[in-house]
Amino acid sequence: VQLQASGGGLVQAGGSLRLSCAASGLTFSNYDMGWFRQAPGKEREFVSAIKWSGGRTSYAGSVKGRFTISRDNAKNTAYLQMNNLNSEDTAVYYCAAIRSMGGGVVTALNAYSYWGQGTQVTVSS
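All residue numbers refer to position in the chain's written sequence, counted from 1. Whole-chain, interface and lining totals are the exception, using all residues; otherwise, since this is a predicted model, local features are given only for residues with pLDDT of at least 70 and side-chain atom pairs are given and counted only at 80 or more. Values reported for side chains reflect all heavy atoms of the structure, with hydrogen atoms and water molecules removed beforehand.

## Things to note about the nonpolar core
Moving on, step 1. Among buried residues, those of type Ala, Val, Leu, Ile, Met, Phe, Trp, Tyr and Cys that are joined through side-chain atoms within 4.5 Å constitute a nonpolar core. Remark: exposure states derive from per-residue accessible area (1.4 Å probe, protein chains only) relative to the maximum for the residue type, with buried under 20%, exposed over 50%, and partly exposed in between. Counting 36 residues, the largest nonpolar core has Met33, Trp35, Phe67, Leu80, Met82 and Tyr93 as the members making the most contacts within it.
Moving on, step 2. Sorting the residues of this core by element identifies β1 (2-6), β3 (17-24), β4 (31-38), β5 (45-50), β7 (67-72), β8 (77-82), β9 (91-99) and β11 (119-124) as the ones contributing at least two each.
Moving on, step 3. Strands are runs of DSSP state E lasting at least 2 residues, helices are runs of H or I lasting at least 4, and numbering of each runs from the N terminus. Among the elements that take part in this core, β9 stands out by supplying 6 residues, more than any other.

Quick look at the structure:
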């Protein structure tokens, strides 16, 4: 299984970025997808997640209303649209996959089975 995160970069405060996570080696539509981030000196934290169907999503309070998670099962890709970025969003962003089960969206990072390598997002103020 490989998860390839991309789309990070340097952006000014108030700007936007769209991250992508391309998955291979798994049946993508059987997996819920999550985005997590880790800022320097901090623990990795939940950002957003989406059920296999795209029908349910969850967001951390700090990004709700600014970030949008989506997926395209035909392309085996998940996305994170990030708008109105601020300096506190600076971090390495990771995508992760968990086999979909009944119930809601999983937000606990230690529940996820597969992880991408991360993509750096830097927001300058």
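Now that the structure has been shown, we can carry on.
## Topic: the pattern of salt bridges
Moving on, step 1. A side-chain nitrogen of Lys or Arg and a carboxyl oxygen of Asp or Glu constitute a salt bridge if their distance falls within 4 Å. Under the criterion given, the structure shown has 4 salt bridges.
Moving on, step 2. The salt bridge partner of glutamate 45 is arginine 37, with a shortest N-O separation of 2.7 Å.
Moving on, step 3. The partly exposed category is assigned to glutamate 45, whose relative accessible area is 36%.
Moving on, step 4. Classification of arginine 37 as buried rests on a relative accessible area of 5%.
Moving on, step 5. A salt bridge links arginine 37 to aspartate 89; its shortest N-O distance comes to 2.9 Å. In this pair, arginine 37 sits in strand β4 while aspartate 89 sits in the loop between β8 and β9, placing the two residues 52 residues apart along the sequence. Judged on exposure class, the residue arginine 37 and its partner aspartate 89 are both buried.
Moving on, step 6. Each of the salt bridges in this network shares a partner with another, and the network as a whole consists of Arg37, Glu45, Arg66 and Asp89.

## Side note on the packing of aromatic side chains
Moving on, step 1. Each Phe, Tyr or Trp ring, with Trp reduced to its six-membered ring, pairs with another whose centre is within 6.5 Å; inter-plane angles below 30 degrees give stacked pairs, above 60 give edge-to-face pairs, and intermediate values give tilted ones. All chains considered together, the criterion is met by 5 aromatic pairs.
Moving on, step 2. Remark: a charge is flagged as sitting over a ring if the NZ atom of Lys or the CZ atom of Arg is within 6 Å of the ring centre and within 35 degrees of the ring normal. Its end group placed over the ring of tryptophan 115, arginine 44 keeps NZ or CZ at 5.0 Å from the ring centre.
Moving on, step 3. It is arginine 71 that lies over the ring of phenylalanine 28; its NZ or CZ is 4.3 Å from the centre.

## Digging into the environment of alanine 49
Moving on, step 1. Structurally, the position occupied by alanine 49 is in strand β5.
Moving on, step 2. Remark: the alpha-carbon pair of alanine 49 and phenylalanine 36, spanning 13 residues in sequence, is separated by 8.7 Å.
Moving on, step 3. In this structure, alanine 49 is in contact with Met33, Gly34, Arg56, Thr57, Ser58, Ile69, Val105, Val106 and Tyr112, ignoring residues within four places of it in sequence. The criterion used for residue contact is that any of the two residues' heavy atoms lie within 4.5 Å.

## Comments concerning the pairing of β5
Where a strand is regular, its side chains alternate between the two sheet faces.
Moving on, step 1. A large share of β5 lies buried, amounting to 5 of its 6 residues.
Moving on, step 2. Here, a strand pair is defined by DSSP locating no fewer than two bridges between the strands. Strand direction decides the pairing type here: β4 and β5, joined by 5 bridges, are antiparallel. When the bridges of β5 are listed, phenylalanine 36 appears paired with phenylalanine 46.
Moving on, step 3. Following β4, the chain reverses through 6 residues before pairing antiparallel with β5; glycine 41 in that reversal takes a positive phi of roughly 75 degrees.
Moving on, step 4. Bridging between β5 and strand β6 (residues 57-59) involves 3 bridges; their strand directions are antiparallel. Its bridge partner being in β6, serine 48 is matched across the sheet by tyrosine 59.
Moving on, step 5. The loop that links β5 with its antiparallel partner β6 comprises 6 residues; one of these, glycine 54, has a positive phi angle of about 85 degrees.

## What to know about the state of the cysteines
Moving on, step 1. Disulfide assignment relies on a single distance test, namely cysteine sulfur atoms paired within 2.5 Å. This model, assessed by the stated rule, comprises 1 disulfide.
Moving on, step 2. Paired through a disulfide, cysteine 21 and cysteine 95 show a sulfur-sulfur distance of 2.2 Å. Taking the sign of the S-S torsion, 65 degrees for the link of cysteine 21 and cysteine 95, the bridge is right-handed. With cysteine 21 in strand β3 and cysteine 95 in strand β9, this residue pair connects regions lying 74 residues apart in the sequence. The exposure classification of cysteine 21 matches that of cysteine 95, with both residues buried.

By themselves, these observations are geometric and do not establish any function.
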